[in-house]
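# Residue-level structure breakdown
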Amino acid sequence: AIDPNFERTREKVDEEDGVAVWGPVDPPVQLGIHGTHVAVDFDICLADGACLEDCPVDVFKWVDTPGHPESEIKAHPTHEDQCIDCMLCVDVCPVDAIDVDPS
Ligand code: SF4
Ligand code: F3S
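Keep in mind that what you see is a predicted model, and the values were worked out from it rather than measured. (Residues numbered from 1 in each chain as written. Chains lettered and ligands numbered in written order. Predicted model: local features only at pLDDT ≥ 70, side-chain atom pairs only at ≥ 80, totals over all residues. Heavy atoms only, no water.)

### Description of the site of ligand 1
In the vicinity of ligand 1, 13 residues are found, and the nearest of them are Cys55, Cys83, Cys86, Met87 and Cys89. Its residues assigned to classes, the shell around ligand 1 shows 13 nonpolar, no polar and no charged. (Near = heavy atom within 4 Å. Nonpolar A, V, L, I, M, F, W, Y, C, P; charged D, E, K, R; others polar.)

### Observations concerning the pattern of salt bridges
Pairing is possible between side chains of opposite charge, provided their charged atoms come close. Tallied over the full model, the rule gives 2 salt bridges. The partner of Asp41 in a salt bridge is Arg10, with the nearest N and O atoms 3.8 Å apart. Highlighted residues: Asp41 in strand S4 (residues 38–41) and Arg10 in the loop between helix H1 (6–9) and strand S1 (12–16), separated in sequence by 31 residues. Note that Glu15 is salt-bridged to Lys12, the shortest N-O span being 3.2 Å. (Salt bridge = Lys/Arg side-chain N within 4 Å of Asp/Glu carboxyl O. Helix = DSSP H or I, 4+ residues; strand = E, 2+ residues; numbered from the N terminus.)

### Description of the site of ligand 2
The local shell around ligand 2 holds 13 residues, among which Cys45, Leu46, Gly49, Cys51 and Cys93 are the closest. Tallied by class, the residues present in the shell around ligand 2 amount to 11 nonpolar, 1 polar and 1 charged.

### Some thoughts on the side chain of His34
By the element assignment, His34 lies in strand S3 (residues 33–34). By relative accessible area, which is 3% here, His34 ends up buried. Within the structure, the side chain of His34 is placed 2.9 Å from the backbone oxygen of Leu31, a separation counted as a polar contact. With residues up to four places along the chain from it excluded, the contact list for His34 reads Glu16, Val19, Ala20, Val21, Ala39, Val40, Phe42, His76 and Pro77. (Buried < 20%, exposed > 50% of the residue type's maximum accessible area, 1.4 Å probe, protein only. Polar contact = N/O pair within 3.5 Å; in protein donor to acceptor, adjacent residues only side chain to side chain. Contact = heavy atoms within 4.5 Å.)

What follows is the structure in structure tokens.
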């Protein structure tokens, strides 16, 4: 499961579409955690898609991650600033790849 303390245990190494990337990152096999308010551990996400289907405000978008061992697409929290903290995505992800920090 995603480490809920990632902001303390990891370094912010990059930004993608205005969304933070928390390392370590070593593409294509290690992609880190993407997002801060809505955080997705790309190394755990296996592209189930429930988060995209269920999020009422469409926070997530698919991004291509060719060569990653778990899946070749990931749920990117592109619109994490729109999140209404309903926690649905956290509940439906089968591999607990998502952490939402209610504001
Ligand atoms: Fe979307 Fe709710 Fe998850 Fe926020 S907590 S990203 S609103 S499903
Ligand atoms: Fe990935 Fe979980 Fe969403 S596996 S696509 S973060 S439901």
